[in-house]
Amino acid sequence: MLLRADNLQKHFDDTIVLKDITLQVNEGEVVAIIGPSGSGKSTLLRCLTQLEKINSGRIEVCGKRMAETLDAKVHYADSKTLHQIILDVGLVFQNFNLFPHYSILKNIVDAQINVLGKDKKEAKERAMSLLAKMNLKEKANAYPSELSGGQQQRVAIARALALNPRILFFDEPTSALDPELTGEILKVIRSLAEEKMTMVIVTHEMAFARDVADRVIFMDGGVIVEEGTPQEVFSNTVNQRTKDFLQRFSQN
Amino acid sequence: MKVDNVPIEPLITEMLKATGTVVEIFFLTILIAIPLGFLVALGRRSRFKIISVPIRIYQLVFRGTPLMLQLFFFMYGPYYIFEFNIYERFTACIMAFSINYAAYFGEIFRGGIASIPKGQYEAAKVLGYTKLQTFMRIILPQVVKNVIPATGNELMTLVKDTSLAQVISVSEIFNIATKTGSRHFSTVPLIVAAVFYLIMNSGVEVSFKLIEKKFEYYKN
């Protein structure tokens, strides 16, 4: 098991965002998280990637304990362990967050050199092969602002992959893109799924979730309402909230 | 040669010498006030009130009172307190300018740092950069680009503000101009002074256009 989260709770001031989330992700599995906005999907990803601190619960990533709750108090691992854990995961953001002052190549190379300590030549080779895979080899020397949203998102995926994460998280990777550009991102994610990359994807693309995910999680109001194979969640659900959500979604 | 009874050659010679003083004030102030302003900006962003509040008060005092008054204060303050001057006229001048401009630069840099989107920090964190690496490699280079126009503006003001140094009898351009002008009952020295300021600020303007151009290779 690559990821294990037990009884996560998260609140911002008085607003409870995650009520009691328990989730496991196995190696090679693709998990899609769907649900209405405000259901806590993104917050869940942000808690799992150390961008937010949980208020209660336990998180284990690749066998390393990241946070646990003892005597009603959350204890995070020491900073060295947290650093190792962050290197085990990658995160692709909704709005890419490329570094605008770095060329495309440098965006992918920089962390390899300065975080992993790889030598320049090796880092560059890795970056170029990832760019080739993303069909962006000719953009190596361009700057992020010169690329379309879809291209920027592919660079962001390459940047995350360059550090060889064991789990890759996607936070609504196509939501900031024009509809005609979402396809190219979904294609990349699909090809990663074929390579058995472990991925957790928060998405509004229902057809895609159904098609690519091994398991679908439906969240609403800070809890996991339903969890199962795409077949179970999308076609055979008996849960009224899931039904309502899917129906509302297909109407839009 | 004389214009309006003013002997031009000696005036120019004196003005050139005074320009040396102005250039000295200008560069010494930059050298001290920019790094200091940077610390001020970081201090203002500190989550510890014991750091951020005193810095805010310092900025309020030095941005909220006339630079001329601050020059007097640095010049004559020590004399009233200790009954002797602990430093020279020119040192007092540099102290007043540096501390005053650091307050302004602090505000410019603070705005520059605040303008970097949170996503940049988050992306860097998830990629495993340390806090120091994030700041030095990701945030700071973008801040520099963002603050160039405002900094250029501030430095043009600095060139003109050096004329205030005359109130503590530092022999700068304006000082020479008013002295020569009243000696010959003429406005010509003032016009010459204006030309000197204009030339210097053209230099500042052109330099900053070049620096801006250097950073045009990317857009935020």
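All values derive from a computational prediction rather than experimental measurement. (Residues numbered from 1 in each chain as written. Chains lettered and ligands numbered in written order. Predicted model: local features only at pLDDT ≥ 70, side-chain atom pairs only at ≥ 80, totals over all residues. Heavy atoms only, no water.)

Chemist: Summarise the overall build of chain B; cite the residues concerned and give the values.
Modeler: For chain B, the helix and strand inventory stands at eight helices and two strands. Listing each helix as α and each strand as β along chain B from the N terminus yields β-β-α-α-α-α-α-α-α-α. Projected onto its principal axes, the C-alpha positions of chain B cover 70 × 50 × 20 Å. The buried share of chain B, reckoned over its 220 residues, is 45%. Partitioning the contacts of chain B with sequence separation of at least 6, the portion at a separation of at least 24 is 76%. Here chain B has roughly 12000 Å² of accessible surface; of this, 68% comes from carbon and sulfur atoms. A gap of 13 Å separates the mean positions of the 22 positive and 14 negative side-chain charges of chain B. (Helix = DSSP H or I, 4+ residues; strand = E, 2+ residues; numbered from the N terminus. Buried < 20%, exposed > 50% of the residue type's maximum accessible area, 1.4 Å probe, protein only. Contact = heavy atoms within 4.5 Å. Areas by Shrake-Rupley, 256 points an atom, 1.4 Å probe, with all protein chains shown as cover. Lys, Arg positive; Asp, Glu negative; His and termini not counted. Charge placed at Lys NZ, Arg CZ, Asp CG, Glu CD.)

Chemist: Please provide a residue-by-residue account of empty space enclosed by the protein, values included.
Modeler: The rolling of a water-molecule-sized probe over the atoms marks out the regions of remaining empty space. With the rule as written, the count across this model stands at two cavities of 30 Å³ or more. Considered as a void within the structure, the largest cavity measures approximately 50 Å³ in volume. What lines the largest cavity is simply Leu91(A), Val92(A), Phe93(A), Phe96(A), Ala156(A), Arg159(A), Ala160(A), Ala123(B), Val126(B) and Leu127(B). Secondary structure elements with two or more residues in the lining of the largest cavity: strand E7 (89-92) and helix H5 (149-161) of chain A together with helix H5 (118-126) of chain B. No other element matches the three residues that H5(A) contributes to the lining of the largest cavity. Split by residue class, the lining of the largest cavity holds nine nonpolar, no polar and one charged. Approximately 40 Å³ is the volume attributed to the second largest cavity. Considering the residues around the second largest cavity, the lining is formed by Ile86(A), Leu87(A), Val89(A), Gly90(A), Ala160(A), Leu163(A), Val126(B) and Leu127(B). Of all the secondary structure elements, the ones that give two or more residues to the lining of the second largest cavity are helix H2 (79-88) and E7 of chain A. A breakdown of the residues in the lining of the second largest cavity according to their chemical character gives seven nonpolar, one polar and no charged. (1 Å grid on protein atoms, 1.4 Å probe; cavity = no way out; pocket = protein on both sides within 12 Å on 5 of 7 lines; lining within 4 Å. Points joined across faces, edges and corners; volume = space filled by probe spheres on them. Nonpolar A, V, L, I, M, F, W, Y, C, P; charged D, E, K, R; others polar.)

Chemist: Just give me the short version of H5(B), but keep the residues and values in it.
Modeler: Taken together, the buried positions of H5(B) are occupied by Gly119(B), Gln120(B), Glu122(B), Ala123(B), Ala124(B) and Val126(B). Packed against the buried residues of H5(B) are helix H1 (41-48), H2, E7 and H5 of chain A together with helix H6 (131-161) of chain B. Count one or two residues on from H5(B) and you reach Gly128(B), which has phi positive near 95 degrees.

Chemist: Can you explain the layout of surface pockets? Please cite residues and give values.
Modeler: Looking at the largest pocket, its volume works out to about 1100 Å³. Tyr121(B), Lys125(B), Thr130(B), Lys131(B) and Thr134(B) are, among the 27 residues lining the largest pocket, the residues nearest its centre. For the lining of the largest pocket, the leading source of residues is H2(A), giving five residues. In this structure, the second largest pocket spans a volume of roughly 230 Å³.

Chemist: So what's going on with the interface of chain B and chain A? Which residues, and what values?
Modeler: Much of the literature gives interface size as the accessible area that the parts lose upon coming together. Tallying the contact residues gives 20 residues for chain B and 26 residues for chain A. Summing the contributions of chain B and of chain A, the shared interface buries around 2000 Å²; its carbon and sulfur component is 60%. Of all residues in chain B, the largest losses of buried area upon contact with chain A belong to Val126(B), Leu127(B) and Arg137(B), amounting jointly to 32% of the total for that side. If you look at where chain B meets chain A, you find two salt bridges. Two residues, Arg137(B) and Asp110(A), come together in a salt bridge whose shortest N-O distance is 2.6 Å. At the surface where chain B touches chain A, the tally comes to 11 residue pairs in polar contact (both at pLDDT 80 or more). When residues of the side of chain B that touches chain A are traced back to their parent elements, those giving at least two are H5 and H6 of chain B. No other element matches H5(B), which puts eight residues into the side of chain B that touches chain A. Per-class residue counts for the side of chain B that touches chain A are nine nonpolar, six polar and five charged. (Buried area = accessible area lost by both parts, 1.4 Å probe. Salt bridge = Lys/Arg side-chain N within 4 Å of Asp/Glu carboxyl O. Polar contact = N/O pair within 3.5 Å; in protein donor to acceptor, adjacent residues only side chain to side chain.)

Chemist: Explain the side chain of Lys10(A) residue by residue, including any values.
Modeler: In this fold, Lys10(A) is placed in strand E1 (residues 3-12). Within the structure, the side chain of Lys10(A) is placed 2.7 Å from the backbone oxygen of Lys53(A), a separation counted as a polar contact.

Chemist: Tell me what's going on with unusual backbone geometry, and back it up with residues and numbers.
Modeler: Residue and element names in this part refer to chain A. Phi is positive for Gln 50, close to 70 degrees, though the residue is something other than glycine. Mapped onto the fold, Gln 50 is located in the loop between H1 and strand E4 (56-61). For Cys 62, which is not glycine, the phi torsion reads 50 degrees and is therefore positive. Within the secondary structure, Cys 62 is located in the loop between E4 and strand E5 (64-70).

Chemist: Tell me about helix H7 (residues 173-184) of chain B, residues and numbers included.
Modeler: All names here are of chain B. For H7, which comprises 12 residues, the first-to-last C-alpha distance of 17 Å matches the rise-based estimate of 16 Å (1.5 Å per residue) to within 8%. Considered for burial, the residues of H7 that qualify are Ile 173, Asn 175, Ile 176, Ala 177, Thr 180 and Gly 181. Next to the buried residues of H7 lie strand E2 (6-7), helix H1 (8-45) and helix H8 (188-214). Backbone nitrogen of Phe 174 and a side-chain oxygen of the N-cap are separated by 2.9 Å at the start of H7; the cap is Glu 172. (Expected span 1.5 Å × (residues − 1).)

Chemist: Could you give an account of the state of the cysteines, with specific residues and numbers?
Modeler: Under the criterion given, the structure shown has zero disulfides over all chains. In this structure Cys47(A) is a free cysteine whose sulfur lies 18 Å from that of Cys62(A), the closest cysteine sulfur available. (Disulfide = S-S within 2.5 Å.)

Chemist: Can you break down the pattern of salt bridges residue by residue, with the values?
Modeler: Enumeration over the complete set of coordinates arrives at 20 salt bridges over all chains. Taking the shortest distance from any N to any O, the salt bridge between Arg46(A) and Glu122(B) comes out at 2.6 Å. Remark: Glu122(B) occurs in helix H5 and Arg46(A) occurs in helix H1; the pair is interchain, linking two chains. Relative accessible area serves as the criterion here: at 11%, Glu122(B) is assigned to the buried category. For Lys64(A), the salt bridge goes to Asp88(A), with nearest N and O atoms at 2.7 Å. A residue pair is termed long-range when its members are at least 10 positions apart, and Lys64(A) in strand E5 and Asp88(A) in helix H2 qualify at 24 residues. Look at Lys64(A) and you get partly exposed, because its relative accessible area is 25%.

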